[in-house]
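Results of the structural survey
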Amino acid sequence: MPTFSVIIPALNEADHITACVQAVRRLDPAIEVIVADGGSHDDTPALARAAGARLVLAPRGRGPQLNAGAAIASGDIFVFLHADTRLPVNAFPLLRGMFADPQVQVAKFRLSFDDPDWLLALAARLMWFDSLLTSYGDQCMVMRRDLFRVLGGFPDWPLFEDVELFRRARARTRVHVVPAQVVTSARRFRANGILRQLLHDVWLWLQYLSGVSPYEIARQYR
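Residues numbered from 1 in each chain as written. Predicted model: local features only at pLDDT ≥ 70, side-chain atom pairs only at ≥ 80, totals over all residues. Heavy atoms only, no water.

**Describing the overall build of the chain**
As a reminder, the rule being used: Under the DSSP-based scheme used, a helix requires at least four consecutive residues in state H or I and a strand at least two consecutive residues in state E, with every element numbered from the N terminus. Based on C-alpha atoms, the radius of gyration is set beside the globule rule, defined as 2.2 Å times the residue count to the power 0.38. Only protein chains enter the accessibility calculation, which uses a 1.4 Å probe; a residue is then buried when its area is under 20% of its type maximum, exposed when over 50%, and partly exposed in between.
Across its full length, the chain carries 10 helices and 8 strands. For 222 residues, the compact-globule estimate of 2.2 N^0.38 gives 17 Å, and the C-alpha radius of gyration of the chain, at 16 Å, lies within 12% of that figure. Projected onto the principal axes, the alpha-carbon positions of the chain cover approximately 40 × 40 × 35 Å. Residues counted as buried form 54% of the 222 residues belonging to the chain.

Shown next as structure tokens:
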């Protein structure tokens, strides 16, 4: 059976990291959990260790942090999980069944938000299939170690590093969709306004497609 390493990038996630690590460990205590910290100024590193995760320190940026976590991971399959996202209760049985097929190299989960707003529910449902427009890190990328290495890992970008790695993988193989939903936090949408944040995200995505540098897009995102 394949082994899994869950890799969680974190930056000042003291409010979420304990619950995130513990949620994975409740699903399967044998799963390796790695938190890749990008220089938190709060208690994120200490809390991650206390919750039972391995800790690696990395340069700030989701791509470099995820690459640092992957570099020390021992699993055959990497599960890249955001700190504010929760896996479904049957995540690992589903993944074991799916990746028992050697043809399955990369997958993602269906998306849902922890907010009942109809607009968020619609946006999440539109991302239940795979395409350049609909696959992001929020949906929890799952990839075999060998493919990750062949693709060179995540690009050292401040934004859209997940979209780019999905694109590289898609050029080689099919991206499978796990028939279960992760639940991700809608905190950005609640803080900024749901419609406003959705439109802002679409605007950033259109710039990415038109060739604008991810570094310039990240400046706008912040």
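Here the narrative resumes, following the displayed structure.
**Thoughts on the sheet that holds strand S6 (residues 106-113)**
Keep this limit in mind: The criterion for strand pairing is that DSSP finds at least two bridges linking the strands in question. In what follows, residue pairs with any heavy atoms lying within 4.5 Å of each other are defined as contacts. Where helices are involved, their axes are fitted lines through C-alpha atoms of the stretch in contact, as for all axes, and angles between N-to-C directions lie from 0 to 180°.
Read across the open sheet, the 8 strands follow the order S3-S2-S1-S4-S7-S6-S8-S5; overall the sheet is mixed. The two strands at the open ends of the sheet, each matched to only one other strand, are strand S3 (54-57) and strand S5 (85-86). In the packing of helix H3 (residues 62-72) onto the sheet, the strands contacted are strand S1 (4-10), strand S2 (32-37), S3 and strand S4 (77-80), and the crossing angle to S1 comes to about 150°. Taken strand by strand, helix H7 (residues 161-170) contacts S6, strand S7 (141-144) and strand S8 (175-184), and its axis lies near 45° from that of S7.

**Details of the side chain of glutamate 164**
Within the fold, glutamate 164 resides in helix H7. Those residues in contact with glutamate 164 that lie beyond four places of it in its chain are Pro155, Trp157 and Tyr208.

**Describing the environment of alanine 171**
As for its position among the elements, alanine 171 is in the loop between H7 and S8. Taking the C-alpha atoms as reference points, alanine 171 and glycine 75, separated by 96 residues in sequence, lie 24 Å from one another.

**Quick word on the packing of aromatic side chains**
For clarity, the threshold we go by: Note on ring pairs: Phe, Tyr and Trp rings are taken, using the six-membered ring of Trp, and paired if centres are within 6.5 Å. Classes follow the plane angle, with under 30 degrees stacked, over 60 edge-to-face and the rest tilted. Charge-over-ring contacts are defined here by two conditions on Lys NZ or Arg CZ: a distance within 6 Å of the ring centre and an angle within 35 degrees of the ring normal.
For the structure shown, the criterion picks out 9 aromatic pairs. Its end group placed over the ring of tryptophan 128, arginine 125 keeps NZ or CZ at 4.1 Å from the ring centre.

**A word on H7**
Here H7 lies mainly inside the structure; 7 of its 10 residues are buried. Considered for burial, the residues of H7 that qualify are Glu161, Asp162, Val163, Glu164, Leu165, Phe166 and Ala169. In this structure, the buried residues of H7 make contact with H3, S6, S7, helix H6 (145-150), S8 and helix H9 (194-209).

Interpretation in functional terms is not warranted from these geometric data alone.
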